[in-house]
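Observations on the model geometry
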Amino acid sequence: MKNVKNYIFPADAGEALKMLLDKKLKSSLIAGGTLAVKSIPETVETLVDISRLEKYVKMSGKNLVLGAFETFDRLENSRLAGNWAGGVISKAASKCSSQLIRNMATVGGNIARPNAFNVLPPVFTALDAVVRVETGTGQKNF
């Protein structure tokens, strides 16, 4: 991280995506940062911090919708997540590491950074979850 010259807080996800796609910025994304700080390439000069963007757990019909920026602590303590599908998502979030990590770790980071201790991918797979990703050309569902 010794080459980082800029630390930016975008106003929304669209602005963050624009900054990440701008090759001149030589940017990398950071949210909770629990794993990213260990793996940021030396070529990165700009960190785009999305930790202040909207966090949400909400219902859409019968589906539970989680924002990528939602922290494990908020998932663990969410009434909606605790009441949906027997509370499996809240329970999984509560088992993730220490309280300090749960305060910082995000849904998006847990999905995007593969690690043996990530708890959400197997839970989401068991629930037949759909992950929606914003790309430079639109949205993709996985």
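Quick note: structure is the one above.
Presented here is a report on the structure given in the accompanying data block.

Parameters at a glance
- Residues numbered from 1 in each chain as written.
- Predicted model: local features only at pLDDT ≥ 70, side-chain atom pairs only at ≥ 80, totals over all residues.
- Heavy atoms only, no water.
- Helix = DSSP H or I, 4+ residues; strand = E, 2+ residues; numbered from the N terminus.
- Rg over C-alpha atoms; globule rule 2.2 N^0.38 Å.
- Contact = heavy atoms within 4.5 Å.
- Areas by Shrake-Rupley, 256 points an atom, 1.4 Å probe, with all protein chains shown as cover.
- Salt bridge = Lys/Arg side-chain N within 4 Å of Asp/Glu carboxyl O.
- Buried < 20%, exposed > 50% of the residue type's maximum accessible area, 1.4 Å probe, protein only.
- Phe/Tyr/Trp six-rings, centres within 6.5 Å; stacked < 30°, edge-to-face > 60°.
- Lys NZ or Arg CZ within 6 Å of the ring centre and 35° of its normal.

**With respect to the overall build of the protein**
When helices and strands are tallied, the protein shows eight helices and seven strands. Scaling as 2.2 N^0.38, a compact globule of 142 residues should have a C-alpha radius of gyration of about 14 Å, and the protein matches this with 16 Å. The principal-axis extent of the C-alpha atoms belonging to the protein is close to 45 × 35 × 25 Å. For the protein, the share of sequence-separated contacts (at least 6 apart) that also reach a separation of at least 24 residues comes to 46%. Total accessible area on the protein stands at roughly 8900 Å², and carbon and sulfur atoms take up 54% of it.

**Observations concerning the environment of Val 119**
Checked against the element boundaries, Val 119 lands in the loop between helix H7 (107-112) and helix H8 (120-126). For the pair Val 119 and Ser 97, spaced 22 residues apart in sequence, the C-alpha to C-alpha distance is 9.9 Å.

**What about the pattern of salt bridges?**
This model, assessed by the stated rule, comprises four salt bridges. Between Glu 76 and Arg 102 there is a salt bridge, with its nearest N and O atoms 3.0 Å apart. Residue Glu 76 is found in helix H3 (residues 72-77), and its partner Arg 102 is found in helix H6 (residues 99-104); the two are separated by 26 residues along the sequence. Among the residues examined, Arg 102 registers a relative accessible area of 10% and is labelled buried. One network of salt bridges, with partners in common, ties together Lys 5, Lys 26 and Glu 45.

**Focus: the packing of aromatic side chains**
For the structure on display, the rule yields one aromatic pair. For the cation-ring pair, Arg 52 lies above Phe 9, with the distance from its terminal atom to the ring centre recorded as 3.7 Å. For the cation-ring pair, Lys 58 lies above Tyr 56, with the distance from its terminal atom to the ring centre recorded as 4.5 Å.

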